[in-house]
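Listed here are the chains, written in short residue letters.
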Amino acid sequence: MIPVPSQVRIWLAVGRTDMRRGMQGLALQVQETLGRDPHAGDLYVFRGRSGNLVKIIWHDGLGMSLYAKRLEKGRFLWPSPADGTVSISPAQLAYMLDGIDWRNPRHTFRPELAE
């Protein structure tokens, strides 16, 4: 898991991204398409066309990091392309990276009776 400090904002780059891009290409996309500063310390999450791969760039003050995760089964849930950019919490990012619906997480077990 990415060590995300609590004050860092996480942005989903809505729509499709060319996943052949590396750190510099994604940082340029943040700057030109999203209109944000890629060196401000926020995390930017990108998803490819197939939906099973995400890339995350993050500048921690010392340097730029690039993280990638591919799901073996399933796809990452993503907002519709009309939404622009979406800000999510670190907990929602953790759900998303585990393949869980981050928009409406549900417990798999809920006790019926107190024991």
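From a predicted model like this one, the values you see are computed outputs, not experimental measurements.

Novice: Sorry, what's going on with the overall build of the protein chain here?
Specialist: Assigned secondary structure in the protein chain consists of 2 helices and 5 strands. Its helices and strands in sequence order give the protein chain the pattern β-α-β-β-β-β-α, from N to C terminus. Within the protein chain, the proportion of its 115 residues that are buried is 38%. For the protein chain, the share of sequence-separated contacts (at least 6 apart) that also reach a separation of at least 24 residues comes to 59%.

Novice: Help me understand helix α1 (residues 23-32) in this model?
Specialist: Quick reminder: α-helices carry 3.6 residues per turn. Residues three or four places apart thus point the same way. Within α1, burial applies to Leu26, Ala27, Gln29 and Val30. Take α1 and look down its axis: the buried residues cluster within an arc of 155°, on one side only. Exposed residues on α1 whose side chains face more than 90 degrees from its buried face are Gln24 and Glu32. As for α1, its buried residues are in contact with β2 (43-47), β3 (53-59) and β4 (64-70).

Novice: Even after reading the chapter, I still don't get the nonpolar core, so can you show me in this structure?
Specialist: Counting 18 residues, the largest nonpolar core has Leu12, Leu43, Val45, Ile88, Leu93 and Met96 as its most contacted members. Contributions of two or more residues to this core are made by β1 (10-13), β2, β3, β5 (85-88) and α2 (90-97). Grouped together as the second largest cluster of nonpolar side chains are 10 residues, Trp11, Ala27, Tyr44 and Met64 included.

Novice: How do you make sense of the environment of Ile100 when you look at a structure like this?
Specialist: With respect to the secondary-structure elements, Ile100 resides in the segment after α2. Between the C-alpha atom of Ile100 and that of Phe76, which follows or precedes it by 24 residues, the distance is 8.2 Å.

Novice: Would you mind showing me how to read the sheet that holds β2 here?
Specialist: The strands that make up a sheet pair up through hydrogen bonds in the backbone, lying either parallel or antiparallel. Across the sheet, which stays open at both edges, the 5 strands sit in the order β4-β3-β2-β1-β5 with mixed pairing between neighbours. Of all the strands in the sheet, the pair left with one neighbour each is β4 and β5. Taken pair by pair, the neighbouring strands of this sheet meet at an average axis angle of 25°, ignoring direction. As paired elements, β3 and β4 share 7 bridges and run antiparallel to each other. Within β4, the residue paired with Trp58 across the bridge is Ser65. Across the sheet, α1 touches β2, β3 and β4, and the angle it forms with β4 is around 100°.

Novice: What's the story with the packing of aromatic side chains in this structure? I'm lost.
Specialist: Aromatic ring pairs are described here by two measures, namely the spacing of the ring centres and the angle between the planes. Enumeration over the complete set of coordinates arrives at 0 aromatic pairs. Positioned above the aromatic ring of Trp11, the side-chain terminus of Arg36 is 3.7 Å from the ring centre.

Thresholds, definitions, all that
- Residues numbered from 1 in each chain as written.
- Predicted model: local features only at pLDDT ≥ 70, side-chain atom pairs only at ≥ 80, totals over all residues.
- Heavy atoms only, no water.
- Helix = DSSP H or I, 4+ residues; strand = E, 2+ residues; numbered from the N terminus.
- Buried < 20%, exposed > 50% of the residue type's maximum accessible area, 1.4 Å probe, protein only.
- Contact = heavy atoms within 4.5 Å.
- Arc of directions from axis to C-beta.
- Core = buried A, V, L, I, M, F, W, Y, C linked by side-chain atoms within 4.5 Å.
- Pairing = 2+ DSSP bridges.
- Axes fitted to C-alpha atoms, helices over the stretch in contact; angles between N-to-C directions.
- Phe/Tyr/Trp six-rings, centres within 6.5 Å; stacked < 30°, edge-to-face > 60°.
- Lys NZ or Arg CZ within 6 Å of the ring centre and 35° of its normal.

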